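Residues per chain, in single letters:
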Amino acid sequence: MRIEVNEIDLIKLLKEISLKTKIKSYIVGGVVRDFLLGVKNLDIDVVVEGDGIEFAYILLSYLKGDIVVYEAFRTATLSYDGISIDVISARKEYYERPAVLPTIEFSNIYDDMARRDFTINTLAYDVIEEKILDYFNGLEDLKKGLIRVLHPKSFIDDPTRIFRAIRYATRYSFEIEEKTHNLMKDSIENIRLLSADRIRNEIFLILKESKAKEMIDKLIYYSIDKVIFDGITLNTQHLDTVYVNLEIELYRFLVLFYYLKEKDINEIEKRLRINKIYLKALKDLVFLREQLNCQNKNIRKIRETIEETKEEVLKAIEVMEGEKAEKIIKGKLTVKGKDIENLGLPPGSLYGELMDNVFEAKINGIIATRDEEIAFLKKLIEKLKKGE
């Protein structure tokens, strides 16, 4: 196994540090799984049998980059040029009740692997012995393409594992092992016990995936959408599309809730605790979508919304509505108040009305280019000066 960070052989470096400090270290979980599958993974987990923070600072002295420390768990995250390395103190976990974060106790590599979600994520590479440790038959399940939990209470302890089972099964085209599948189905209602933050995190992790549509379809198949959103319709059409220079999570979030009713916006805010940027984008989307079918359009508000909203909102509407959306999407003006002032009209209340007239002309196809916007403005101002 070989992993390079900043042209440094990470495994060789970890071995050197472990031998010097007498602190055993292991590369674990997803990066081992993906290495064996031939999949690139830039999120590296290192477990140490000892103080993770102490070990992380030693590692940092070789790799440079940035570090974030989590004192309570004695862990740290190193980041450099798009690569993330989590250095974790090996630990046990105890769940006092379902769906809450666990109580931890520092321990050894076996116990750390035993707390993991699925067998394929329990593989650890011992950097000193230079071999893979496989305590829970993860290699066998990896070969068979199976997602298998470690114990019957797994989904009860942590219902987010339901989302992860769907993500892994879809991403790698694996099957969910029969007992695991049944345990998962029996635990769907426990998702209600999760906080809004944890549910949002799982939904957004799905929206980053290349097979986001298929994953959301599986959430719907298992009626997870009904548990989380209680009757709010999810849209999966065009969900896998990606556009350069757009924030993929925001764009796909808007596509996912494209058919949301205005009365349900606050419900989504409550159930996912979305931030102000996402909330405004969702409100803008719903307003503009409804205006497409409105006979008496609110020209002023449409114009102002299009000027202020995120590009992801406009792209979502364009993708979902096609040519129908052009009437408002392509109406976005290039002219500003400064252009009106340059044409000889002092700043005042007429500016908004003039901009509305230009915008209406543009969405009706009378004008299209910036030059035509300026020319149209010029005519309007000339009429005003003549008192027409």
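Residues numbered from 1 in each chain as written. Predicted model: local features only at pLDDT ≥ 70, side-chain atom pairs only at ≥ 80, totals over all residues. Heavy atoms only, no water.

Another point: the pattern of salt bridges. By the definition in use, this model includes 39 salt bridges. Ionic pairing is found between Lys-144 and Glu-140, a salt bridge with its closest N-O pair at 3.7 Å. Placement of the pair is Lys-144 and Glu-140 together in helix α5 (residues 138-144), with a separation of four residues, close to one helical turn. Judged by relative accessible area, which is 52%, Lys-144 ranks as exposed. For Glu-341, the salt bridge goes to Lys-338, with nearest N and O atoms at 4.0 Å. Note that Glu-341 and Lys-338 are positioned in helix α18 (residues 337-342) at a spacing of three residues, about one turn of the helix. When its relative accessible area of 36% is taken as the criterion, Glu-341 is described as partly exposed. Of the residues examined, Lys-338 reaches a relative accessible area of 53% and is grouped as exposed. When salt bridges with common partners are traced through the structure, they connect Asp-117, Asp-158, Arg-164 and Arg-198 into a single cluster. (Salt bridge = Lys/Arg side-chain N within 4 Å of Asp/Glu carboxyl O. Helix = DSSP H or I, 4+ residues; strand = E, 2+ residues; numbered from the N terminus. Buried < 20%, exposed > 50% of the residue type's maximum accessible area, 1.4 Å probe, protein only.)

Okay, the side chain of Thr-309 next. Take Thr-309: it is sitting in the loop between α15 (299-308) and α16 (311-321). Classification of Thr-309 as buried rests on a relative accessible area of 7%. Of the polar contacts made by the side chain of Thr-309, one reaches the side chain of Asp-284; its length is 2.8 Å. Discounting chain neighbours no more than four positions away, the residues touching Thr-309 are Lys-280, Asp-284 and Leu-314. (Polar contact = N/O pair within 3.5 Å; in protein donor to acceptor, adjacent residues only side chain to side chain. Contact = heavy atoms within 4.5 Å.)

Below, the discussion takes up the domain arrangement of the protein. With domains assigned, the protein is organised as domain 1 (1-138), domain 2 (233-332) and domain 3 (333-387). Here the C-alpha centroids of domain 1 and domain 2 sit 40 Å apart. (Domains from an automatic or database assignment.)

If a probe the size of a water molecule is rolled over the atoms, the empty space left behind becomes visible. The space that makes up the largest pocket amounts to roughly 1700 Å³. No other element matches helix α7 (residues 160-171), which puts six residues into the lining of the largest pocket. Residues that form the lining of the largest pocket fall into these classes: 18 nonpolar, nine polar and 20 charged. (1 Å grid on protein atoms, 1.4 Å probe; cavity = no way out; pocket = protein on both sides within 12 Å on 5 of 7 lines; lining within 4 Å. Points joined across faces, edges and corners; volume = space filled by probe spheres on them. Nonpolar A, V, L, I, M, F, W, Y, C, P; charged D, E, K, R; others polar.)

Time to look at the sheet that holds strand β3 (residues 25-28). Backbone-to-backbone hydrogen bonds pair the strands of a sheet. The strands run either parallel or antiparallel. Spatially, the seven strands line up as an open sheet ordered β5-β6-β7-β4-β3-β10-β11, and their pairing is mixed. Every interior strand has two partners, whereas the edge strands, β5 (66-70) and β11 (131-133), have only one. In this sheet, neighbouring strand axes are inclined to one another by 25° on average, regardless of whether the strands run parallel or antiparallel. Pairing analysis gives five bridges linking β5 to strand β6 (residues 75-80), with the strands arranged antiparallel. Following the sheet pairing, Tyr-70 is matched in β6 by Thr-75. (Pairing = 2+ DSSP bridges. Axes fitted to C-alpha atoms, helices over the stretch in contact; angles between N-to-C directions.)

With that out of the way, let us pick up empty space enclosed by the protein. Throughout the structure, instances matching the rule amount to one cavity of 30 Å³ or more. A volume near 40 Å³ is recorded for the largest cavity. The wall of the largest cavity is formed by Val-5, Leu-63, Lys-64, Leu-78, Ser-79, Tyr-80, Ile-83 and Ile-85. Broken down by secondary-structure element, the contributors of at least two residues to the lining of the largest cavity are β6 and β7 (83-89). Among the elements that take part in the lining of the largest cavity, β6 stands out by supplying three residues, more than any other. Its residues assigned to classes, the lining of the largest cavity shows six nonpolar, one polar and one charged.

Ranked by internal contacts, the top residues of the largest apolar core, which has 113 residues, are Ile-27, Ile-85, Phe-253 and Phe-257. A per-element tally of this core places helix α14 (residues 276-292) first, with nine residues. Counting residues in hydrophobic clusters, the runner-up holds 10 residues, among them Tyr-26, Val-28, Ile-88 and Leu-133. (Core = buried A, V, L, I, M, F, W, Y, C linked by side-chain atoms within 4.5 Å.)

Below, the discussion takes up unusual backbone geometry. Its identity is not glycine, yet Glu-130 carries a phi of approximately 55°, on the positive side. Along the chain, Glu-130 falls in the loop between β10 (124-126) and β11. Residues other than glycine seldom take positive phi values, yet Asp-230 does so here, at roughly 50°. Assignment of secondary structure puts Asp-230 in the loop between α11 (224-229) and α12 (248-256).

Further remarks concern the UniProt feature "coiled-coil region" (unreviewed entry) in the protein. As recorded in UniProt, the sites labelled "coiled-coil region" (unreviewed entry) are residues 285-326. Taken end to end, residues 285-326 has its terminal C-alpha atoms 15 Å apart, with 71% of it in helix and 0% in strand. (UniProt positions renumbered as here; feature names shortened; annotations may be inferred.)

Let us now look at the environment of Ser-25. One can find Ser-25 in strand β3. As for Ser-25 and Asn-137, which are separated by 112 residues in sequence, their C-alpha atoms are 21 Å apart. Sequence-distant contacts of Ser-25, defined by excluding residues within four places in its chain, comprise Leu-14, Ser-18, Val-46, Val-47, Val-48, Phe-55, Tyr-125, Asp-126 and Val-127. A polar atom in the side chain of Ser-25 sits 2.7 Å from the side chain of Ser-18.

Among the structural elements, Ala-165 can be located in helix α7. In sequence terms Ala-165 and His-181 are 16 residues apart; their C-alpha atoms lie 9.0 Å from each other. What Ala-165 contacts, discounting residues up to four positions off in sequence, is Phe-118, Ile-147, Phe-155, Ile-176 and Met-184.

Once that is clear, we can look at the confidence of the model for the protein. For the protein, per-residue confidence averages 91 on the pLDDT scale, and 99% of positions sit at 70 or higher. When pLDDT is averaged over each helix and strand of the protein, the minimum, 76, is found for strand β9 (residues 103-106) and the maximum, 98, for strand β12 (residues 146-147). (pLDDT = per-residue confidence, 0-100.)

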